[in-house]
Amino acid sequence: MIPELGHYALVLALFAAGVQAILGLLGAIRKDAYWILASGPAASTQFLFVAIAFLALTHAFVTSDFSVYTVAKYSHSAKPLLYKITGVWGNHEGSMLLWAFILAIYGQLLVSLGKKLPHKLRASVLGVQGCLSTGFLAFILFTSNPFLRLDPAPMNGQGLNPLLQDPGLAFHPPFLYLGYVGFSVAFAFAIAGLIEGDIGAAWARRLRPWVLAAWSFLTLGIGLGSWWAYYELGWGGFWFWDPVENASLLPWLAGTALLHSIGVVEKREALKSWTVLLAILAFSLSLIGTFLVRSGVLVSVHSFATDPARGVFILGLLAVAIGGALALYAARAQTLKAAPAFNPVSREGGLLLNNVLLVTASASVFLGTLYPLLLESVSEDKVSVGPPFFNATALPLLLPLVFAMAIGPFLPWKKADLFPVFQRLWLAGLASLAVAAGAFAFHTGKSPLALLGIGLAAWLLAGNGVLLAERLKLFRTPLGASLGRLRTLPGSFFGMLVAHSGIAVLVAGITGATLWQSEEIRALNPGDSVALAGYDIRFAGATRVAGPNYLADRGDFRVHRGDRLFATLTPERRYYPVEKRWTTEAAIHTTWMADLYAVLGEQAEAGGPWAVRLYHNPLAPWIWIGTLLIALGGGLSLTDRRVRGKGPKGPTDQKPQIGKA
Amino acid sequence: MTRKRRRLVFVLSGLTALGLAALLILSALEENLVFFYSPSDLQTKTIGAEERIRIGGLVEEGSLTRSSDGLEVNFRVTDLRTSLAVRYRGLLPDLFREGQGIVAEGHLQADGVFLASEVLAKHDETYMPPEVARALKKSGHWQEDPPEESEAE
């Protein structure tokens, strides 16, 4: 009964979304006050029905209702409750419903939090979102219905892929989708702005918090996925330039560019049409990312053929959403007023450089990810593009970006001089050289690239320090006055500072974990020892243990430093009888400066040696700390009253505001 | 600078950057493409020992042998017409089994043994890597047993 209720609610949601689209868009175009006002309740109605559908599916998973096909295929009664719930989005149908649900949540948030938006703008934004919802809900209902029944119902389900039964990955999709779908607000703002021909400081100020929120969620989502890959896959790495990973990085790069160019529109009314294009791009890449992963097209072009209806529907949706938006952009972009001139060396120029580098980087990642598909569709050749390509293209683009990041915030708007900025940064330069030299001397692997990575991280961090010190007038006024100034600095300044510092920490972490990593692969008998990066690791043997829905071989490693017991590592090799699959559970001991990482492999024969993989990953924890700081920076910017449009100049009026800088 | 000249500077520097980036990306792409071959393909093609390639097929039943320390494995990969000897040193993925479809990346040595630096056996056992499915189709041994759609994530 409840699955039918969910199915029914989904159908009603489709209708509500259609009504929302028509009321919102046509209302704004026809300037019909009633339709404009009614678009809000339509969005709330849609949200309500999608929420009911989502809860109904969750109920089916939690109660293990195996008469529902999706539940039977991807769940099992012996699964822990947490993974019954997260199993809802651990499959194609459920994850599409989660997507639609989050889209509806953003619609409802626009209604509840966007009370101060001009009604017409809000109506067009809700209208565009309604169109997206209509497309998605139709896709779910016609090709990926999660509520299909099985008759007769099986006694038990087939279980969830054990790799997905993990807290890191359980919450990876919701955060990722909160990011992806959050960019739909930027997309809708761009369309609405193009239709109304009103894009300026006010438009940018209203859009900025949504982009900040989406971007922070996406950062967390990518971080969670990467963290999961690090400890669950047992390869000692955190990023493999896998197409699925690239699909999530693409909107992040475009979104980061968007976040910075919005500031230029807000403060200077420049880069308007570029910003609109970025808003369209960021969401288009989110859509492409979702579908590349979900349609199976990345695994193979042929899996499109396994369900032609899905493939065609997906292509149609992509074509309409992206093609339509770009066509509208082409038609209306020149109506945006020309930007006031600015000097190449200026805050605007710096932000433009940021944009050019980020967009070029995402273009290269896009090409590397999709080239194998293109080549395969036009020829017989089957190729893959691996990490060397991405390292060779993304690094030369992103390293200069990190260098420039330290300088950018020092530049004034309109026109700047680089020389005085470097004068203010000489201390930071000196500090970074010292740190790089120290790291080079300290580490045995004399990698010049590591020198560059650590040096850049130190440069950025020190540059941020100088920036904060200057803002606080540290050492130039009494300490008390400086601390007093700390409280008057705006949240968006701290947000920028924290996020940029997060990048510095992340760069250092990536450098250490990739260039200074030491690895030992050995076959060990109980009692054998391995020396790794100054540690003595003794294998005490492996025992059989039982988990809630798996059996495991648990290795016991005693790590000694000198005579002292430093840590005990207990990696597992788990067997899930329901799914008949093995997984690897790496054991990680972190000191915050480095990770010791152990993986237990197979035993060649009973009583024989165990295959074992051991890693020492210097600075690896900094990758996650850096990622958290970046997301936190986005969150801090959101606390800025001005960013949320609640400052003294709050846009409460109905007339479009033309900001004057 | 006048407005016009300033704009010219922007456009020119933008185009230069774009051109440089395109050059960089395309040359990197050219150097880093890894081609996939089935064991039968390798009968007819000559591949240099320094060229990095991918091969794929089914792990032949009964072909898996391990060295005494358990770390070096030798097995044969077959597309059911031709088979290829593969050597790999390291931990095999969790899903590696005889009879299972795998993809390996590495170099074809002069002695005809494929020295793998990476062995991939992702996904569940109902799933066949698409490259392997293709190789089997080409060798005429593909059974139309539609693999269940798998969710990698």
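Residues numbered from 1 in each chain as written. Chains lettered and ligands numbered in written order. Predicted model: local features only at pLDDT ≥ 70, side-chain atom pairs only at ≥ 80, totals over all residues.

**Here we look at the overall build of chain A**
Of regular secondary structure, chain A possesses 21 helices and 11 strands. Whereas a compact globule of 661 residues would reach a radius of gyration of roughly 26 Å, chain A reaches 27 Å, a difference of no more than 12%. Principal axes of the C-alpha set define a box for chain A whose edges measure 80 × 75 × 55 Å. Evaluated residue by residue, chain A yields a buried proportion of 53% over its 661 residues. (Helix = DSSP H or I, 4+ residues; strand = E, 2+ residues; numbered from the N terminus. Rg over C-alpha atoms; globule rule 2.2 N^0.38 Å. Buried ≥ 20, exposed ≤ 12 C-beta atoms within 10 Å, placed from the backbone.)

**Let's talk about the domain arrangement of chain A**
Interface size is often expressed as the accessible area that is lost when the parts come together. Residue and element names in this part refer to chain A. Examined at the domain level, chain A breaks down into domain 1 (1–165) and domain 2 (518–618). The gap between the C-alpha centroids of domain 1 and domain 2 is 43 Å. The partner domain 2 presents 8 residues to the 8 residues of domain 1 that form the contact. Here the residues of the side of domain 1 that touches domain 2 sort into 4 nonpolar, 3 polar and 1 charged. (Domains from an automatic or database assignment. Contact = placed C-beta atoms within 7 Å. Nonpolar A, V, L, I, M, F, W, Y, C, P; charged D, E, K, R; others polar.)

**Digging into the environment of Val356(A)**
For Val356(A), the position within the fold is in helix H14 (residues 347–378). Distance in space between the C-alpha atoms of Val356(A) and Leu479(A) is 40 Å, their sequence separation being 123 residues.

**With respect to the nonpolar core**
Residue and element names in this part refer to chain A. Among the nonpolar cores identified, the biggest contains 231 residues, and Ala100, Ala186, Phe187 and Ala279 are the most heavily contacted of them. For this core, the leading source of residues is helix H9 (residues 201–232), giving 18 residues. Discounting residues that sit within four places of it in the chain, Ala186 has contacts with Leu207, Trp210, Val211, Leu258, Ala279, Ala282 and Phe283. (Core = buried A, V, L, I, M, F, W, Y, C linked by C-beta atoms within 7 Å.)

**Here's the deal with the environment of Leu399(A)**
Residue and element names in this part refer to chain A. Considering the arrangement of structural elements, one finds Leu399 in helix H15 (residues 387–407). Exposure remark for Leu399: the 16 C-beta atoms within 10 Å place this residue in the partly exposed category. Taking the C-alpha atoms as reference, Leu399 lies 39 Å from Glu196; in sequence the two are 203 residues apart. Here Leu399 is in contact with Leu452 and Leu456, once residues within four sequence places are set aside.

**Side note on helix H5 (residues 92–113) of chain A**
An ideal rise of 1.5 Å per residue puts 32 Å on 22 residues; H5(A) measures up with 31 Å between its terminal C-alpha atoms. The element H5(A) is largely enclosed, with a buried count of 16 among its 22 residues. (Expected span 1.5 Å × (residues − 1).)

**Examining the pairing of strand E10 (residues 594–603) of chain A**
Residues and elements named next belong to chain A. Of all the 10 residues making up E10, 8 are buried; the element is thus mostly covered by neighbouring parts of the structure. Looking at chain direction, strand E9 (residues 587–590) and E10 are connected through 4 bridges and run antiparallel. The residue bridging Ala587 from the neighbouring strand is Ala598, located in E10. Counted along the chain from E9 to the antiparallel partner E10, the turn is 3 residues long, and its residue Trp592 has a positive phi close to 70 degrees. Relative to strand E11 (residues 610–618), E10 runs antiparallel, the two being bridged by 8 bridges. What sits directly across from Leu596, in E11, is His616. (Pairing = 2+ DSSP bridges.)

**Considering the environment of Leu26(A)**
Residue and element names in this part refer to chain A. Of note, Leu26 is situated in helix H1 (residues 2–30). Assessed through the 16 C-beta atoms surrounding it within 10 Å, Leu26 is described here as partly exposed. Remark: the alpha-carbon pair of Leu26 and Gly127, spanning 101 residues in sequence, is separated by 8.1 Å.

**Re the confidence of the model for chain A**
Residues and elements named next belong to chain A. Scored by pLDDT, chain A has a mean of 87; 94% of the residues are at 70 or more. Throughout residues 300–305 the model reports pLDDT below 50, and contacts reaching past four residues in sequence, or to other chains, amount to 10 contacts. A low-confidence stretch, residues 647–661 stays under pLDDT 50, and its non-local contacts, those more than four residues away or across chains, total 25 contacts. (pLDDT = per-residue confidence, 0-100.)

**Let's talk about the pairing of strand E2 (residues 52–59) of chain B**
Residues and elements named next belong to chain B. Most of E2 sits out of view: 7 of its 8 residues are buried. Crossover handedness for the path strand E1 (residues 33–37) to helix H2 (residues 39–44) to E2: right-handed. Of the pairings in the sheet, the one linking E2 to strand E6 (residues 101–108) comprises 7 bridges and is antiparallel in character. Paired with Gly56 across the bridge in E6 is Val103. Relative to strand E4 (residues 72–78), E2 is paired through 2 bridges, and the arrangement is antiparallel. When the bridges of E4 are listed, Leu58 appears paired with Thr78. (Right-handed = clockwise from strand over helix to strand, strands pointing away.)

**Brief notes about the sheet that holds E10(A)**
All names here are of chain A. Overall, antiparallel pairing links the 4 strands, which are arranged E2-E11-E10-E9 in an open sheet. Since the sheet does not close on itself, it has two edges, and those belong to strand E2 (518–524) and E9, each with one partner. Taking each pair of neighbouring strands and ignoring which way they run, the sheet shows an average axis angle of 15 degrees. (Axes fitted to C-alpha atoms, helices over the stretch in contact; angles between N-to-C directions.)

**Thoughts on unusual backbone geometry**
For the bond from Asp151(A) to Pro152(A), the omega torsion is 0 degrees, close enough to zero to count as cis. Structurally, Pro152(A) can be placed in the loop between helix H6 (119–143) and helix H7 (167–170). Phi is positive for Trp592(A), close to 70 degrees, though the residue is something other than glycine. Looking at the element boundaries, Trp592(A) is found in the loop between E9 and E10. The phi angle at Leu80(B) is positive, at roughly 70 degrees, despite the residue not being glycine.

**Some details on the packing of helix H2 (residues 33–62) of chain A against H6(A)**
Residues and elements named next belong to chain A. H6 packs onto H2 with a crossing angle of 40 degrees between their chain directions and a minimal axis gap of 9 Å. On the basis of their axis angle, the class for H2 and H6 is oblique. Relative to H6, H2 is oriented so that their crossing is left-handed. On the side of H2, the interface is formed by Ile36, Leu37, Ser39, Gly40, Ala43 and Gln46, while H6 contributes His119, Lys120, Ala123, Leu126, Gly127 and Ser133. Of the residues contributing to the contact of H2 with H6, the split by class is 5 nonpolar, 6 polar and 1 charged. (Parallel < 35°, antiparallel > 145°, perpendicular 65-115°, else oblique. Left-handed = near helix turned anticlockwise from the far one by under 90°.)

**Comments concerning H2(A)**
Under the 1.5 Å per step criterion, the end-to-end length of H2(A) is 44 Å for 30 residues, consistent within 8% with the ideal 44 Å. The largest bend in H2(A) amounts to roughly 25 degrees and is located at Ser39(A), with the proline Pro41(A) lying one to four residues further along. (Bend = angle between axes of the 7 residues up to and from the residue.)

**What about the confidence of the model for chain B?**
Residues and elements named next belong to chain B. Averaged over every residue, the pLDDT of chain B is 77; the share at 70 or more is 77%. Looking across chain B, the model is least confident in helix H3 (residues 130–138), with a mean pLDDT of 68, and most confident in strand E5 (residues 83–89), with 90. For this predicted complex, the interface confidence score (ipTM) comes to 0.76, while the overall pTM stands at 0.90.

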